[in-house]
Amino acid sequence: MSRRCSRHAMRKLLILALIFGLIAGLALPPFYLLPVLWISLPGLLWLIGRAATWRQAALIGLAFGFGLNCLGLYWITEPILIEAAQFWWLVPFATPGLALVVGVFIAVPAALAWMVPRGLARILVLTGAWTLADLAQQFVLTGFPWNFWGTDVAVPGRLGTLLIQPAAWIGVLGLTLALVFVASLPALGRRGIAASVALMAVWAGAGAARLGTSHPAKPAAVIGLIQGDGTAEFVSTREAAVALFRRYLALSAEAVAKARAEHPDLPIALLWPETASPFFLQTDVGARQAIAETVGPDVTVITGMLRFGPHDTIFNSMGVVRGPGPLLATYDKWHLVPFGEYEPDWMPLQVLPGQGFTPGTGPKTLHIPGLPPVGPIICYESVFSGQIIKETDRPDWIALVTNDAWFGDSSGPRQHLAAGRMRAVEEGMPLARAANTGISALFDASGREIGRIGMDRQGVFVATLPGELPPTLFSRLGLWAPAALALLTLLAGICLGWRRRAMPAR
């Protein structure tokens, strides 16, 4: 290992690690500058090699993660600014604080990588440990699986569609493993660069092969995405929320007219975003009547709403309206946003005003007469790979409702959209996404974008609902697939490192 670093030298290493992390952040949505990873990861490995102890390597990894997440998560201040009068003091701390916490999940792989000799062994250990750390990030302290590097390859268009196909086998975490490994190989010199180029060609070829052999089922319904463009401030008063509800009624009438004209023989489902209805639809007959009179008694409206439960509990829910009668089905969001929708038990201080929401029971499939069975997910749940579908009652499509108005016209909504696209590929089923201020979009079961409504616009998008694919390997194995790959990669690196240490010097 390198000789002991002076404090001055260590400061330089940490500054360089911060810079490399910031550069790596440019590969995240919405920038998608993937080539920067072929600079930042070899740079990180070089810095790890300059560390004198595993603790120094961990600090280098922490600095890298801090820079990466400061750029990737800057938008976290947007919802605070909406409530600036109350939470102004949090603004300087929110992004750096979260970036520091998430940076720990890169510090650990960096420390482990330092413990083996440089070269292929170190790359393998960094890759395996990085993926396992991301897996831990999905569960530790309620989980925050945001901006896993596998989503970097979800580039809009044909290239991204090719590169995300292996997610059907190994999930977004498997793509993260592949990307960290391939982008690290140039650290080995010319042979590493050649191997990296060859592996990227194989990756793209595997994606093309899957696309060429995928044969989805025929469309069985028409889906209409409704985007009312109500900002978080706009729905903060009762009057404004009712005005937004009326806007959704008018847009829904437009969507139904278009659907009937273009696809008269298919059933129609409209998807409204999270928080679209200010009324408690489970008990408000008048609100259900208004919806039914607008769209007709045979049109299904799937909408975000609030729902009261026993003992004064309240749920962030999705409800299915058809006609003025009782709701056909409901779903309660089960993976709530910590500090935004509930107070974690381990938090010693009360940050969230009130009691917050009650979590639902878990993934669920809604069986709606006349429509293909649907797997509902609400907002934050869409970033949890392998945890959104009830595989014992597999649906044919995914309905995602969200309200990204809290994050403004920032990277946040684009990163959230990329995560939803990955879920379509992983599960092999189309995903319809309705967002209050955008981006609303429809993806087929291979992650191709059928259409969208852009940011900060009112509008509708109507199309036939793409058919599903047979269950993917990832849908069968779940997170065990990338976990096993990561563990094997880590062990291979450790074994190779031991072998190199055991070889006699020549």
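Remember, it's a predicted structure, so these values are computed and weren't measured experimentally.

Student: Would you mind going over the overall build of the protein chain in detail, with residue names and values included?
Tutor: Along the protein chain, the regular secondary structure elements total 15 helices and 11 strands. With respect to the three principal axes, the spread of C-alpha positions in the protein chain is 85 × 55 × 35 Å. Within the protein chain, counting contacts between residues at least 6 apart in sequence, those at least 24 apart form 71% of the total. Total accessible area on the protein chain is roughly 21,000 Å²; 65% of this is exposed by carbon and sulfur atoms. Positive and negative side-chain charges of the protein chain, numbering 38 and 31 respectively, have mean locations separated by a distance of 19 Å.

Student: Can you explain helix α15 (residues 480-502)? Please cite residues and give values.
Tutor: Between its first and last C-alpha atoms α15 spans 32 Å; for 23 residues at 1.5 Å apiece the expected length is 33 Å, and the two agree. Buried within α15 are the following residues: Ala-481, Pro-482, Ala-483, Ala-486, Thr-489, Leu-490, Gly-493 and Gly-497. Where the residues of α15 are buried, they touch α7 (120-137), α9 (167-184) and α14 (473-477).

Student: Please provide a residue-by-residue account of the pairing of strand β4 (residues 314-321), values included.
Tutor: Across the 8 residues that make up β4, a large majority, 8, are buried. Side chains Ile-314, Asn-316, Met-318 and Val-320 of β4 all project onto a buried face; the interleaved residues Phe-315, Ser-317, Gly-319 and Val-321 project onto the opposite face, where all are buried too. Pairing between strand β3 (residues 300-308) and β4: 8 bridges, direction antiparallel. Bridge pairing links Val-301 to Val-321 in β4. Counted along the chain from β3 to the antiparallel partner β4, the turn is 5 residues long, and its residue His-311 has a positive phi close to 60°. Where β4 meets strand β5 (residues 329-332), 4 bridges bridge the pair, whose relative direction is antiparallel. Among the inter-strand pairings, Gly-319 is bridged to a residue of β5, identified as Thr-330.

Student: Go over a nonpolar patch on the surface with me, naming the residues and quoting the values.
Tutor: Together, Trp-54, Val-104, Val-108, Leu-112 and Met-115 line one region of the surface with nonpolar side chains, adding up to about 410 Å² of accessible area. Exposure remark for Val-104: the relative accessible area of 40% places this residue in the partly exposed category.

Student: I'd love a proper account of helix α10 (residues 190-213), names of residues and values included.
Tutor: A rise of 1.5 Å per residue sets the reference length of α10, with its 24 residues, at 34 Å; its end C-alpha atoms lie 35 Å apart and thus fit the reference within 8%. For α10, the complete set of buried residues consists of Gly-192, Ser-196, Trp-203, Gly-207, Arg-210 and Leu-211. On the buried face of α10, the contacting elements are α2 (37-50), α8 (158-163), α9 and α13 (411-427).

Student: Hey, could you go over the sheet that holds strand β11 (residues 459-464) for me, with residue numbers and the actual values?
Tutor: Across the sheet, which stays open at both edges, the 6 strands sit in the order β5-β4-β3-β2-β1-β11 with mixed pairing between neighbours. The strands lining the two open edges of the sheet, one partner per strand, are β5 and β11. Here the strands of the sheet are splayed against their neighbours by 25° on average, with no regard to which way each runs.

Student: Residues and numbers for the nonpolar core, please.
Tutor: Formed by 64 residues in total, the largest nonpolar core has its most connected members in Phe-64, Trp-130 and Trp-149. Contributing elements (two or more residues each) for this core: α1 (7-25), α2, α3 (54-72), α6 (91-114), α7, α9, α13 and α15. When residues in this core are grouped by element, the largest group, 12 residues, is from α9. The contact partners of Trp-130, leaving out residues within four places of it in the chain, are Leu-41, Leu-44, Phe-64, Ile-106, Pro-109, Trp-149, Thr-176 and Val-180. One finds Leu-251, Ala-255, Trp-272 and Val-462 within the second-largest nonpolar core, a separate group that totals 27 residues.

Student: Describe the layout of surface pockets, listing the residues and the values that go with them.
Tutor: The volume enclosed by the second largest pocket comes to roughly 310 Å³. In this structure, the second largest pocket is lined by 16 residues; those nearest its centre are Pro-166, Ile-170, Gly-174, Ala-178 and Trp-203. When residues of the lining of the second largest pocket are traced back to their parent elements, those giving at least two are α9, α10 and α15.

Student: Please give an account of the pattern of salt bridges that cites residues and values.
Tutor: Considering all chains together, one arrives at 10 salt bridges under this definition. Lys-333 is the partner of Glu-341 in a salt bridge, and the nearest nitrogen-oxygen pair spans 2.8 Å. Taken as a pair, Glu-341 and Lys-333 share a single burial class, namely buried. Among the salt bridges present, the one from Asp-409 reaches Arg-414, with a minimum N-O distance of 2.5 Å. Residue classification places Arg-414 among the partly exposed residues on the basis of a relative accessible area of 25%. A cluster of three or more residues bridged by salt bridges with shared partners is formed by Glu-391, Arg-394 and Glu-427.

Student: How would you summarise the pairing of strand β10 (residues 449-453) if you had to cite specific residues and measurements?
Tutor: As defined by bridge partners, strand β9 (residues 440-443) adjoins β10 across 4 bridges and the pair is classed as antiparallel. Looking across to β10, one finds that Ala-441 is bridged to Arg-452.

Student: Quick rundown of unusual backbone geometry? Include the residues and the values.
Tutor: With omega at 5°, the peptide bond leading from Pro-29 into Pro-30 counts as cis. In this structure, the amide linkage connecting Gly-438 to the following residue, Ile-439, adopts the cis form with an omega of 5°. Within the element layout of this structure, Ile-439 appears in the loop between β8 (431-435) and β9. The backbone phi angle of Thr-275 is positive, close to 65°, even though this residue is not glycine. Following the sequence through the fold, Thr-275 ends up in the loop between β2 (268-271) and α12 (285-295). Residue classification places Thr-275 among the partly exposed positions, given a relative accessible area of 34%. Look at Asp-456: it is not a glycine, yet its phi comes out positive at around 55°. Along the chain, the position of Asp-456 falls in the loop between β10 and β11.

Student: Summarise empty space enclosed by the protein; cite the residues concerned and give the values.
Tutor: This model, assessed by the stated rule, comprises 3 cavities of 30 Å³ or more. For the largest cavity, the calculated volume is near 120 Å³. Surrounding the largest cavity, 13 residues form its lining, Leu-68, Asp-134, Gln-137, Asn-147 and Trp-149 being those nearest its centre. Sorting the residues of the lining of the largest cavity by element identifies α3, α6 and α7 as the ones contributing at least two each. A class-by-class count of the residues in the lining of the largest cavity yields 9 nonpolar, 3 polar and 1 charged. Of the pockets and cavities examined, the second largest cavity occupies roughly 100 Å³. Taken together, Pro-29, Pro-145, Trp-146, Asn-147, Phe-148, Thr-151, Val-172, Val-383, Gln-415, Ala-419 and Arg-423 make up the lining of the second largest cavity. For the lining of the second largest cavity, the leading source of residues is α13, giving 3 residues. For the lining of the second largest cavity, the residue count by class is 7 nonpolar, 3 polar and 1 charged.

Conventions and cut-offs
Throughout this description, residue numbers start from 1 for each chain and increase along the sequence as written. Whole-chain, interface and lining totals are the exception, using all residues; otherwise, since this is a predicted model, local features are given only for residues with pLDDT of at least 70 and side-chain atom pairs are given and counted only at 80 or more. The side-chain quantities take in all heavy atoms of the structure and omit both hydrogens and water. Put simply, DSSP marks the helices as runs of H or I at least four residues long and the strands as runs of E at least two long, and each gets a number from the N terminus on. By definition in these notes, contact holds between two residues if any of their heavy atoms fall within 4.5 Å. Surface accessibility follows the Shrake-Rupley procedure with a 1.4 Å probe radius. Residue values consider only the protein chains on display as shielding. Just so you know, the count uses Lys and Arg for positive and Asp and Glu for negative, and it drops His and the chain ends. Where a charge sits is defined by one atom per residue type, namely NZ (Lys), CZ (Arg), CG (Asp) or CD (Glu). Between the first and last residue of a helix there are one fewer steps than residues, each counted as 1.5 Å, and that sum is the expected span. For every residue, the accessible area (1.4 Å probe, protein chains only) is compared with the maximum for its type, and the residue is labelled buried under 20%, exposed over 50%, or partly exposed between those bounds. Only strands that DSSP links by at least two bridges are regarded as paired with each other. A patch consists of residues whose relative accessible area exceeds 30% and which take part in no salt bridge; residues with like charges are grouped when within 9 Å of each other, and nonpolar side chains (Val, Leu, Ile, Met, Phe, Trp, Tyr) when within 5 Å. For this document, the term salt bridge refers to a Lys or Arg side-chain nitrogen within 4 Å of an Asp or Glu carboxyl oxygen. In this analysis, axes come from line fits to C-alpha atoms, helices being fitted only over the stretch in contact, and the angle between any two N-to-C directions falls in the range 0 to 180 degrees. Remark: nonpolar core denotes a set of buried residues (Ala, Val, Leu, Ile, Met, Phe, Trp, Tyr, Cys) joined through side-chain atoms within 4.5 Å. Only protein atoms enter the 1 Å grid used here, on which a cavity is any set of points holding a 1.4 Å probe that cannot leave and a pocket is any open set flanked by protein within 12 Å on both sides along at least five of seven lines; residues with an atom within 4 Å of a point are listed as lining. Grid points are joined across faces, edges and corners, and a volume is the space filled by probe spheres set on the points. Each residue gets one of three labels, nonpolar for Ala, Val, Leu, Ile, Met, Phe, Trp, Tyr, Cys and Pro, charged for Asp, Glu, Lys and Arg, and polar for the others, Gly among them.

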